[in-house]
Amino acid sequence: FFEKTDHSKEETVIVSYLNQNQTSNLSHRRKKELARAIVRFSQKLQLPDGTMLGEYPPIPSLFLLAWAKTRTDLQPNQAKGYGILALSEIFVREFELSFGVKINRDYDIQIDSIQFKLVLLKLKEYLAEGKTAKEAYQKLYGTNLSPNEWEKLIINYQKIYEYVISESKP
């Protein structure tokens with residue numbers, strides 16, 4: 001769908017999707033920042049060969065967008081966790097212990113690009129252990145996972161994928 005060297009079209013399509021999404025009350029600037037973070041970090045994500053998200057092949061940027069939509073419905077100030085990906089306190093603490101860093105809960109963890117960096121580091125670690133995308137996602141959130149969350153992510157991915165296909169047609 002997107003050219004490998006020019007990511008501006010990919011960002012534009014994501015912002016377009018975010019603009020048509022009625023549940024998101026993010027400012028236009030925040031939508032652009034989120035799109036930039038998604039596109040930037042999607043370049044570092046490679047799902048295992050043969051992975052299918054519903055009936056569609058994985059496009060990393062759309063997968064990350066569906067992830068944010070599933071976790072918070074693009075409302076970053078949720079009670080169930082930090083930021084747009086609703087990271088749990090347990091995840092943040094374990095990350096700090098694993099990597100020997102201190103994460104500021106009031107500022108750093110709220111930044112989309114930092115959130116995507118954190119989850120991708122752990123996700124890649126789990127995928128390297130041989131887990132499927134679903135198993136890695138579920139391990140990432142542990143008990144902070146709502147029932148059927150992976151299935152909701154797949155449904156969101158399919159809707160976003162279909163939106164992108166319709167936007168890409170001349």
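These figures come from a predicted structure and were not determined experimentally.

*Asks:* Sorry, what's going on with the overall build of the protein chain here?
*Replies:* A tally of regular secondary structure across the protein chain gives seven helices and zero strands. What you see for the protein chain is a C-alpha radius of gyration of 15 Å, in line with the 15 Å of a compact globule of 170 residues. Each principal axis of the C-alpha distribution contributes one length, and for the protein chain these read about 50 × 35 × 35 Å. In the protein chain, which comprises 170 residues, the share counted as buried stands at 48%. Each charge class in the protein chain was averaged separately, 24 positive and 21 negative side chains, and the resulting centres sit 2 Å apart.

*Asks:* So what exactly am I meant to see when it comes to a positive patch on the surface here?
*Replies:* Where like charges cluster on the molecular surface, the positive patch consists of Arg40, Lys44, Lys117 and Lys124. Turning to its location among the elements, Lys44 is positioned in the loop between helix H2 (28-42) and helix H3 (60-72). By relative accessible area, which is 42% here, Lys44 ends up partly exposed.

*Asks:* Just checking my understanding: could you explain unusual backbone geometry for this structure?
*Replies:* Residues other than glycine predominantly adopt negative phi, and peptide bonds predominantly adopt the trans conformation. Positive phi is not limited to glycine here, since Asp73 has a value of about 50°. Here Asp73 lies in the loop between H3 and helix H4 (89-99). Overall, Asp73 belongs to the partly exposed group, its relative accessible area being 27%. With phi around 50°, Ala86 is a residue other than glycine that occupies positive phi space. Assignment of secondary structure puts Ala86 in the loop between H3 and H4. Residue class for Ala86 comes out buried when judged on its relative accessible area of 0%.

*Asks:* In this structure, what is going on with the packing of aromatic side chains? I would like to understand it.
*Replies:* What characterises a pair of aromatic rings is the spacing of the ring centres plus the angle enclosed by the ring planes. Counted by the stated rule, this structure contains eleven aromatic pairs. An angle of 15° between the planes, with centres 4.1 Å apart, marks the rings of Tyr56 and Tyr161 as stacked. With Tyr56 in the loop between H2 and H3 and Tyr161 in helix H7 (residues 149-168), this residue pair connects regions lying 105 residues apart in the sequence. The class for Tyr56 is buried, based on a relative accessible area of 14%. Owing to a relative accessible area of 8%, Tyr161 belongs among the buried residues under this scheme. Consider the rings of Phe63 and Trp67, whose centres lie 5.7 Å apart with planes at 65°: the pair is edge-to-face. Residue Phe63 and its partner Trp67 are both found in helix H3; the two are separated by four residues, about one turn of the helix. A cation over a ring is seen here: Arg71 above Tyr141, with NZ or CZ 3.7 Å from the ring centre.

What counts and how
Residues numbered from 1 in each chain as written. Predicted model: local features only at pLDDT ≥ 70, side-chain atom pairs only at ≥ 80, totals over all residues. Heavy atoms only, no water. Helix = DSSP H or I, 4+ residues; strand = E, 2+ residues; numbered from the N terminus. Rg over C-alpha atoms; globule rule 2.2 N^0.38 Å. Buried < 20%, exposed > 50% of the residue type's maximum accessible area, 1.4 Å probe, protein only. Lys, Arg positive; Asp, Glu negative; His and termini not counted. Charge placed at Lys NZ, Arg CZ, Asp CG, Glu CD. Patch = residues over 30% accessible without salt bridge, like charges linked within 9 Å, V, L, I, M, F, W, Y side chains within 5 Å. Areas by Shrake-Rupley, 256 points an atom, 1.4 Å probe, with all protein chains shown as cover. Salt bridge = Lys/Arg side-chain N within 4 Å of Asp/Glu carboxyl O. Phe/Tyr/Trp six-rings, centres within 6.5 Å; stacked < 30°, edge-to-face > 60°. Lys NZ or Arg CZ within 6 Å of the ring centre and 35° of its normal.

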